[in-house]
Every structure is written in C-alpha cells, then in structure tokens.
Amino acid sequence: MPEDLQPAISSIENWGLKVKIGSSIGKRENTFGGTDEERRKDFQTMLNDPEIKAIMCARGGYGIIRFIDMLDFNYFQKHPKWIIGFSDITVLHSHINRNFGIASIHSKMCNSFPSDINNAEQVQVKSIESIRKAMMGREMTYSGSTNAFNRSGNGVGILVGGNLKTLETLSGTKSDLNTTNKILFVEDIGEYLYSIDRMFWNLKRTGKLSGLKGLIVGGFKIKPDDPGEDFGKSLFDIVLEKVKKYSYPVCFDFPVGHQKENYALKCGVRHNLIVSTSGSSLVEIN
Amino acid sequence: MIIVPPYLHKGDTIGIVCPAGFMPMEKVQSCIETLQQWGYRVILGKTVGNETGNYFSGTDKERLNDFQHMLDNDEVKAVLCARGGYGLTRIVDGLKFKNFKKRPKWVIGFSDVTILHAHLYSNYNIASLHAPMAAAFNYGEEQNPFILSIKKNLEGKKIVYRCKAHEMNNRGQGIGELIGGNLALIAHLIGTPSDLDTKGKILFLEDVGEYLYNIDRMFYQLKRSGKLDRLAGLIIGGFTDNKDTERPFGKTAYEIIHDVTSQFNYPVAFNFPVSHEKENYALKYGVGYKLRVGKSKVSLEE
C-alpha cells in the first residue's frame, strides 16, 4: 500500500529530492507486486524516464529473475542511474555489474525507513542516512567491529556481492558475478548452517573465492539446526575453511545484511578493505 | 559411449557407507538382510551407524576415507549409500577416482548422492545407479517394485518403466543419456567441476521440502544457464512436501515447472516415479534411454 511508503517518501523529500511512485506499488499478484509484465513494465518505465535519477526498490522478496531477461538496458547504459536495494535486488546488482559495469547501491529499501525517524535507533537512522550520502556522491567509509575470526590484510578492488543464496542461483547464468580481483561481500537470512556451508562450497567450486582481493561477511541470521541435527560447525568455521588456501583479508560481522545496521554500499566501485586486530574498514576510492 | 560398470553376480560384495548424514545401525538392518537374500555379501563401512553426536556420520576425513576405501577395494562391486542428507559436496573434491576409473563399480543412491552421480558422469563418463537407499528397505517393502528395480538393474536386466500420462505432459519421444537427480543439487552444481552438460540428454528432476518460490528460482536458473534448451526429453518426478510463503506463491510446483518448460518442444513427463517418496525407480545414470510420452501412457526404456 502507498501509505507504507510514507516514511520513505518523507525522508527522501526531506533530502531535497522528488519522488515518483511506480505503478507496481500496491499491486498484488499472489506473493508478487503485480504480474511479471506489470513489474517489468514499471521497472522499464523508470529505467527509460530521463527525469528519474535513481530507482529505489520498495522491497525485495522474490521475483526479479522472472523478468530481468525482458528488460531493455539500452537507455540505461547510455544514461546510467542508481539502482537501489538489496536481498532479491542482488539479481540486478550482479546483472548490471557483469553485463554493463555500471555501479549500483546495495542498501536498505523503502520498507526499512522508520515511521518516526526522530525516535528511531541510531544505527537505523545512520543506515538510512548512508543511502543519501551514497546517492549524493559522498565517498563512503565504513568500519566493522573486531572479531577474533577476522583475517588481517589489506586489499583493493571493485566491490561486488549481495545475498548469498541469490548469488548462488545466478551461477552459470548471464547475470553470474565475475569475482576475480574484486572485494566480495555476502549476507543471508533464514538459512540453515548446512545450506550456508553448501553455498560457500558453491562459491569455492565455481572459482569465486580464488581470485578475491578481500571477503566481507555481513549479517547471517542463521536458522537453528533441527533437534538432533547439530551441524557442528559455526559460520566462522564454514567460511574460514573455504578460504584458508588464500591470503586476502576476511572480516565478519560487517554491517551489511537483513538487520538494522545495513549501510549503503556502492557495488561496482573500487574500495580498500583493511582488516586488522582492531577491526575492519572499507573505504571507497576513486 | 558411457562406461557401464560390470553387473553383479550372486556372491558379489556390496559395500554400504554413509557419506553424508548419520544413520543408526538398526535402520540399515533390513537393507542388509534384503541384499543378503538377493545373494550378495555385504560389508559395512565405518561410517554406518557411526554416532558422532552431530549431524554427520563422521568427520569429513572419516567419510572421505570410508568412501575411498570402498572405491579402492576390488572385492566391492557396488557402493550403496545408506542415506543422503547433506555432506557429499564437502568431500567430493577429495575423492580419488584413479582405481575406480580402471575398475568401475556401481555407486548407488539419490538425493545428496546426486553430487556423485553428476560428478562421475561429467568427469569420468561412468554410469551409476540413482536409486532408493537403506531407509526404503523397510520390512515388508522388500517386494515393492521400486526396491526390486535395484536388484534387476544390478543384475543387468533391462527394464521398461511405465506410468500414467499426466495432463501437463508434452507428448513425443526422445532418445538420450539419462542424467539429473535432485533439483536443488543440480542447481547447486552449476558452474562447478561436477556440473552437467545436458545437451541431447534426457534430464530427470525431483525434490522435496522446497519453498515454491525456490523451485521457481531454480528452474529459472536452469533455463538461464541453458540447461533446458536442447534436451532430448524431460522427466519431472515427485516434488513433495513443498513449503510456501506467508503470501502464497499462487501456483503448484508442477504449474511452476510447466510455465518454464512449456516453450520447449521435447517430450516432458510429469509425475514420473522418481522421488523422495516410495515411488522411486532405480535409474541407470548416464545410460541411454528412450522416453515415450503418449496420450495415456509414459514409458522409459533402456
């Protein structure tokens, strides 16, 4: 419903920007925001509209894969604009990085803007505020907390990544990420440990972990093991055993994911990842 | 041409292992007895009934060594995985197939064992047996046609499988090597060294306990990675115990699959008896079959 968008609209207008609502907002086709054709058409209209400088997806869920091959990116390639969102929007980030080399913003979406920004938690306000900064061209810097499992190091590369499950299901397709010489970030929610393990094996066995400049592990809200099915390995074990042959920096608990502290990251832009015993930092470099 | 391991004779040995999840010994008992009644000797790997206190039937090393031992032991003519679950991805790249390549033997199982079937087929061109595992050999089930199909296949008998036509089927016939398995694992293997080249093949797929949106997503992955383009035929087995999101997906699993596959001309058979349920025929992975999808009947003939 459009009223659910009000907090996002108010904030964005407060930033001095104008808001245009797409025709798929408030539409419903089962789990989707309209039929494939309605969603495609709405997105295409935004891509082709010269007045639109950024497209923020109101929410993720599941559905972009169903129409991405029908989108025409010709105008977008000539006149790039910011595509904003995360989770299922990982499909778009990955697709436009792989095919067009155009940067995009991995961040919270309309459904995460607090209804009362003055009384919202600081990390949430800062996360929302980071979207504005990213859109308006500020060079971004981020810091992650210390974690005993972090692997120290320093790497420079183009930042790519997103939702791990979504990335796995892009394997072998024309939207599949090339991660060589990149800094890869991943996050996920609601997956069992065994499934996270399998997805990291997919990254490893498809060659996506071998040529990295750095690995950023964001939030992982893990689905608890069923009784008697204790997986016996932690997220840290799962990740570190896959990358032990390589020497690039690895950091955990980075503030990206399905959580309040989820800062806007510029996919496709060069960053410097520095991980040390006192924490991690990610700095945009141009 | 696919390399088909030697068929079994009475007195031959079958090795049983648990390469993934833990399985208590008592649950393997009826399988052992049935295999013995069929005239085979049975030896058990260390991972069978190996109480680890966690999900797995042993550490990666224990599971790897146990499977490796069965691959390398010339006495063993077939390796039956007692159960799947999760775990083969963790050890498949550590397995050495040097001896196995020289003296192929039957690798038997399904679900997580899909990884082995695909890996053996893609890398070594060696046939294996996609079939029910130990849990399906419950007392009283020894004579069901699905369990008996394992015996017949191991003896080298050629079987013609038949089932009723499904309303969503696409009629026609196709000849090709039969490959496939569990959808989630076939999708997971895309881009890895165990990935399947599906061109000119008959592809079969089944799954259990998946969210409907995830079935949709995996079929889009298959389609977008070209896996569905040039098949000789497509066999859709059971898609059972599906889960749904709070806002319903709005289609059944078969409707989802039909939506993606209806653009292709090759024969498609829905509701074929390959599944996580009792209806699960033993299929020779990598061997040539003819799929006939008719008005009222479907047949799959070696």
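For clarity, every value in this text was computed on a predicted model and none was experimentally measured.

Chemist: Could you clarify how one ought to interpret the interface of chain B and chain A in this entry?
Modeler: Each partner contributes residues to the interface: chain B has 33 residues there, and chain A has 35 residues. Interface area, chain B with chain A, both sides summed: about 3,200 Å², of which 49% is carbon and sulfur. Along the contact surface separating chain B from chain A lie five salt bridges. Across the salt bridge formed by Asp197(A) and Arg90(B), the nearest N and O atoms sit 2.8 Å from each other. Applying the counting criterion to the chain B and chain A interface returns 18 residue pairs in polar contact (both at pLDDT 80 or more). Of all the elements in the fold, those that place two or more residues in the side of chain B that touches chain A are α3 (88-91), α7 (183-188) and α8 (212-224) of chain B. With seven residues, α8(B) is the single largest residue contributor to the side of chain B that touches chain A. Tallied by class, residues from the side of chain B that touches chain A come to 13 nonpolar, 13 polar and seven charged.

Chemist: Explanation requested: the nonpolar core in the structure shown.
Modeler: Soluble globular proteins tend to bury their nonpolar side chains together. Membership of the largest hydrophobic core comes to 130 residues, with the highest contact counts inside it found for Ile16(B), Phe219(B) and Phe239(B). One finds Phe113(A), Tyr142(A), Leu159(A) and Cys267(A) within the second-largest nonpolar core, a separate group that totals 31 residues.

Chemist: Would you take a moment to explain the domain arrangement of chain A for this structure?
Modeler: All names here are of chain A. Domain annotation for chain A reports domain 1 (2-135) and domain 2 (141-284). Using C-alpha coordinates to define each centre, domain 1 is positioned 23 Å away from domain 2. Counting residues at the interface gives 28 residues for domain 1 and 30 residues for domain 2. Buried surface at the junction of domain 1 and domain 2, summed over both partners, amounts to about 2,300 Å²; 57% is from carbon and sulfur atoms. Summed over the three residues of domain 1 that lose the most area to domain 2, namely Asn-97, Arg-98 and His-106, the buried surface amounts to 24% of that side. Applying the counting rule to domain 1 against domain 2 returns two salt bridges.

Chemist: Help me out: how do you make sense of the state of the cysteines in this one?
Modeler: Disulfides are covalent bonds that connect the sulfur atoms of two cysteines. What the rule picks out here adds up to zero disulfides over all chains. No disulfide involves Cys81(B); its sulfur sits 8.4 Å from the nearest other cysteine sulfur, which is in Cys18(B).

Chemist: Would you mind showing me how to read the environment of Leu44(B) here?
Modeler: Residue and element names in this part refer to chain B. Mapping Leu-44 onto the fold places it in strand β2 (residues 41-44). When its relative accessible area of 36% is taken as the criterion, Leu-44 is described as partly exposed. On a C-alpha basis, the gap between Leu-44 and Ala-232 in space is 39 Å, while along the polypeptide they are 188 residues apart. Ignoring any residue separated from it by four or fewer positions in sequence, one finds Leu-44 in contact with Ile-16, Met-25, Ile-32 and Met-70.

Chemist: Would you mind showing me how to read the sheet that holds strand β5 (residues 128-130) of chain B here?
Modeler: By definition, the strands of a sheet pair up through backbone hydrogen bonds, in either a parallel or an antiparallel sense. Residue and element names in this part refer to chain B. Read across the sheet, six strands follow the order β2-β1-β3-β4-β5-β11 without closing on themselves; strand pairing throughout is mixed. The outermost strands of the open sheet, each flanked by one partner alone, are β2 and β11 (283-285). In this sheet, adjacent strand axes meet at a mean angle of 25° when their direction is disregarded. Note: strand β4 (residues 106-109) against β5, two bridges, orientation parallel.

Chemist: Would you take a moment to explain the sheet that holds strand β8 (residues 250-251) of chain A for this structure?
Modeler: All names here are of chain A. Pairing is mixed in the open sheet, where seven strands are placed in the order β4-β11-β10-β5-β6-β7-β8. At either margin of the open sheet sits one strand with a lone partner, and together these are β4 (141-144) and β8. Sheet topology places strand β6 (residues 182-192) next to strand β7 (residues 214-223); eight bridges connect them, and they run parallel. Of the residues in β7, the one forming a bridge with Val-186 is Val-217. Running at roughly 125° to strand β5 (residues 153-163), helix α4 (residues 90-100) makes contact with β5 and β6 of the sheet. Packing against the sheet, helix α8 (residues 235-243) makes contact with β7 and β8, and its axis sits at approximately 150° to β7.

Definitions and cut-offs
- Residues numbered from 1 in each chain as written.
- Chains lettered and ligands numbered in written order.
- Predicted model: local features only at pLDDT ≥ 70, side-chain atom pairs only at ≥ 80, totals over all residues.
- Heavy atoms only, no water.
- Contact = heavy atoms within 4.5 Å.
- Buried area = accessible area lost by both parts, 1.4 Å probe.
- Salt bridge = Lys/Arg side-chain N within 4 Å of Asp/Glu carboxyl O.
- Polar contact = N/O pair within 3.5 Å; in protein donor to acceptor, adjacent residues only side chain to side chain.
- Helix = DSSP H or I, 4+ residues; strand = E, 2+ residues; numbered from the N terminus.
- Nonpolar A, V, L, I, M, F, W, Y, C, P; charged D, E, K, R; others polar.
- Core = buried A, V, L, I, M, F, W, Y, C linked by side-chain atoms within 4.5 Å.
- Buried < 20%, exposed > 50% of the residue type's maximum accessible area, 1.4 Å probe, protein only.
- Domains from an automatic or database assignment.
- Disulfide = S-S within 2.5 Å.
- Pairing = 2+ DSSP bridges.
- Axes fitted to C-alpha atoms, helices over the stretch in contact; angles between N-to-C directions.

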